[in-house]
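Summary of structural features
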Amino acid sequence: MTSEIIPKQGDKIIKPEREIQLKNEIADELEIYKKYNEFGYELFDANGNKPISDEERKMMISQLEQKFKEVLDILRISRRIAKMLVNELLVGRFTKPPALTVFPNRKRVNNLIISQGIEVMSICSHHWLPISGTCTVAYIPGDYVIGLSKISRVVNWFARRPQIQEELGEQIADYLEELIKPQALGVVIKAKHYCMIARGVRGSEARSVMTTSVMRGLLMEEQSLRNEFVNLIQQ
Ligand SMILES: [Zn+2]
């Protein structure tokens, strides 16, 4: 052990006798970046996707139930939340993309197609509290069109993961762009973040509504088209 004084993150001075403890703390922090969980499964981004089998999902639920039981026991509560997380709130992490059919754009539709009010139910990956709001998707088709209900399924598949709203919009746009190769694409999400509301930050009710907007293709390039889009969704 050295007798150097080790500063930690600028504000605290750590005495030499705490060096070993500090090393342990750093090791704990590095644990965040480990590659596998304690059961040997590979970790991946909170809003990523890796489909798993029904059997693996069942196993995940029972592992979670065990862990939650330990936490809730400490809080002297008896509840079940594992199934809700695996099968509902986080289901987009573990399931294949929804089955989607795209159709040829036979009429050569060359105007905006807009789907508004698509429900967004998610949880924020920082605080694990709900994000609740709506999504608007607009596109001008290229060679393909897609059913509106299918767009809702895509939004839902990406939303039902621990999310960052900014990334959610980008993920939806990337996926739809790849799928139907539209001439223009817009994804606007307005959502309340309960991590702001629940913690009682003063005035947070209003501030907690976040709007994110992703514009691609002609919607990014042409100001007049973007204005038309914004006007249409404000009506
Ligand atoms: Zn949050």
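Our subject is the structure that appears above.
Now for a description of the structure that goes with this document. These numbers come from a predicted model, not from an experiment.

Basis of the calculations
- Residues numbered from 1 in each chain as written.
- Predicted model: local features only at pLDDT ≥ 70, side-chain atom pairs only at ≥ 80, totals over all residues.
- Helix = DSSP H or I, 4+ residues; strand = E, 2+ residues; numbered from the N terminus.
- Buried ≥ 20, exposed ≤ 12 C-beta atoms within 10 Å, placed from the backbone.
- Contact = placed C-beta atoms within 7 Å.
- Expected span 1.5 Å × (residues − 1).
- Axes fitted to C-alpha atoms, helices over the stretch in contact; angles between N-to-C directions.
- Parallel < 35°, antiparallel > 145°, perpendicular 65-115°, else oblique.
- Left-handed = near helix turned anticlockwise from the far one by under 90°.
- Nonpolar A, V, L, I, M, F, W, Y, C, P; charged D, E, K, R; others polar.

Here leucine 179 lies in helix α5 (residues 165–180). Residue classification places leucine 179 among the partly exposed residues on the basis of 15 C-beta atoms within 10 Å. When the C-alpha positions of leucine 179 and isoleucine 146 are compared, they lie 9.2 Å apart, and in sequence the two are 33 residues distant. In this view, leucine 179 contacts Leu100 and Val102; residues no more than four positions away in its chain are not counted.

When the terminal C-alpha atoms of α5 are compared, their 23 Å separation across 16 residues agrees well with the 22 Å that a helix rising 1.5 Å per residue should span. Within the span of α5, buried status applies to Gln165, Leu168, Gly169, Gln171, Ile172, Ala173, Leu176 and Ile180. In the stretch just after α5, lysine 181 is the one whose phi turns positive, near 40 degrees.

Here the focus is the packing of helix α2 (residues 54–74) against helix α3 (residues 82–89). Where α2 meets α3, the axes come as close as 8 Å, and the angle between the chain directions of the two elements is 140 degrees. By the criterion of interaxial angle, the relationship of α2 to α3 is oblique. Relative to α3, α2 is oriented so that their crossing is right-handed. Residues Arg57, Met60, Ile61, Leu64, Glu65 and Phe68 of α2 pack against Ala82, Lys83, Leu85 and Val86 of α3. Residue composition of the contact of α2 with α3, by class: seven nonpolar, no polar and three charged.

It is worth stressing that arrangement in space is one thing and function is another; only the former is reported here.
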